[in-house]
Amino acid sequence: MDFEAVFADVAQVIEGTGVFIMAIGLGILLVRYVYDVLRRRTGSYQRVRVNLGRVILLGLEILIVGDIIRSIIVDTSVESVLVLGLIVVIRTVLSFALEVEISGSWPWQTRPAADEAAGKSPS
């Protein structure tokens, strides 16, 4: 096995891990939601959305790592680097959108909960 073949396999395992995390995370979230609804009568759609957003963000970050390895080490061409750049831009936009959905503010803004904990009033 040569260097590129090893890292092609590594990239594939990393990408599979990202997909696995998203699939298992979704399964766990749905089971927990159904349990809360049936047993406790306290199922929260908003909590499911926030937790699902977190699972998707984690999966996307892991998929980006796999794409970087594949594009830079395995398939080193201008076309693969441009495709990687496009994929990273798309996933970054998705990550920002999910972060806004989860927290209600942009990642660089101070969170309202952090302000309240610090004794500041929101302005």
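Residues numbered from 1 in each chain as written. Predicted model: local features only at pLDDT ≥ 70, side-chain atom pairs only at ≥ 80, totals over all residues. Heavy atoms only, no water.

Caption draft 1: Seen up close, the side chain of Asp-36. Tracing the sequence through the fold places Asp-36 in helix α1 (residues 3-40). What makes Asp-36 buried here is its relative accessible area of 8%. Those residues in contact with Asp-36 that sit more than four places away from it in its chain are Arg-41, Thr-42, Gly-43 and Arg-47. (Helix = DSSP H or I, 4+ residues; strand = E, 2+ residues; numbered from the N terminus. Buried < 20%, exposed > 50% of the residue type's maximum accessible area, 1.4 Å probe, protein only. Contact = heavy atoms within 4.5 Å.)

Caption draft 2: Fine view of the nonpolar core. With five residues, the main nonpolar core is built from Val-50, Leu-57, Leu-60, Leu-98 and Ile-102. Of all the elements in the fold, those that place two or more residues in this core are α2 (45-74) and α3 (78-103). The element contributing the most residues to this core is α2, with three residues. With residues near it in sequence (within four places) discarded, Leu-57 still touches Ser-95, Leu-98, Glu-99 and Ile-102. (Core = buried A, V, L, I, M, F, W, Y, C linked by side-chain atoms within 4.5 Å.)

Caption draft 3: Seen up close, the side chain of Asp-67. Mapped onto the elements of the fold, Asp-67 is located in helix α2. The exposure class of Asp-67 is buried, given its relative accessible area of 11%. Those residues within four positions of Asp-67 in sequence are excluded, and the remaining contacts are Glu-15, Leu-84, Ile-87 and Arg-91.

Caption draft 4: Expanded view of α3. With 26 residues, α3 extends 37 Å between its outermost C-alpha atoms, agreeing within 8% with the 38 Å of an ideal straight helix rising 1.5 Å per residue. Residues of α3 that are buried: Ser-80, Leu-84, Arg-91, Ser-95, Leu-98, Glu-99 and Ile-102. Close packing links the buried residues of α3 with α2. Looking at the residues trailing α3, positive phi occurs at Gly-104, about 85°. (Expected span 1.5 Å × (residues − 1).)

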